[in-house]
Amino acid sequence: MKNNNLVEWVLRNEQGIRRAVYESRNDAGDISTRAGQKSCSKGDPVAARAIKNVTELQNVLVEYGCGRTFNLRTPEKWLRLVDIVKEHYEDGLQGRMIVKIFEEGQSLDETMADLGVSRSTLYVMRLDVMTFAEGVAYGLNLIQKKFTKC
């Protein structure tokens, strides 16, 4: 998936990501069965739960669409990105646009009518949000800039 598509996918699927993280964090399974982890506290369930809760999740399976799943790496960092973007735009027109397009799933035409803006204004607002979100993703080392030769 391209960087800009991944950023947009995360913005559109925030609730699914939060649900997957919550389920992974609250899974009653044995922590010693998780790949790549040592079970030094195998006999102490309280210590195992504490270690599981402070260790950043490596990945989660996010359900979206019609029974599809996506394996998202470092989901908590992606949720940090969503929080930063929403906080940055919360008081402006772009903040309302984020809610309508990414959270409520409105079409661009519905969003234009609700916000009372033209199509070109909506596209500029959306481009502004996506550019900012991609910059945050680079800053959090979620995506890497791909340079092309001229």
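Keep in mind it's a predicted model, so treat the numbers as computed, not measured. (Residues numbered from 1 in each chain as written. Predicted model: local features only at pLDDT ≥ 70, side-chain atom pairs only at ≥ 80, totals over all residues. Heavy atoms only, no water.)

### Some details on the side chain of E14
In this structure, E14 sits in helix 2 (residues 14-25). If sequence neighbours within four positions are ignored, E14 has contacts with L79, V82, K86 and E103. (Helix = DSSP H or I, 4+ residues; strand = E, 2+ residues; numbered from the N terminus. Contact = heavy atoms within 4.5 Å.)

### Considerations on the pattern of salt bridges
Note on pairing: side chains with opposite charge can pair once their charged atoms come close. Using the criterion set out here, one finds 10 salt bridges in the structure. Here R126 makes a salt bridge to E8, at a shortest N to O gap of 2.6 Å. One end of the pair, R126, is in helix 7 (residues 119-139); the other, E8, is in helix 1 (residues 3-12), with 118 residues separating them in the sequence. The salt bridge partner of R80 is E56, with a shortest N-O separation of 3.0 Å. Linking R80 in helix 4 (residues 75-89) with E56 in the loop between helix 3 (45-54) and strand 1 (59-64), this pair joins segments that are 24 residues apart in sequence. Its relative accessible area of 31% is what places E56 among the partly exposed residues. A network of salt bridges, in which partner residues are shared, links E14, R18, D83, K86 and E103. (Salt bridge = Lys/Arg side-chain N within 4 Å of Asp/Glu carboxyl O. Buried < 20%, exposed > 50% of the residue type's maximum accessible area, 1.4 Å probe, protein only.)

Remember that the coordinates give geometry; whether it matters functionally is a separate question.
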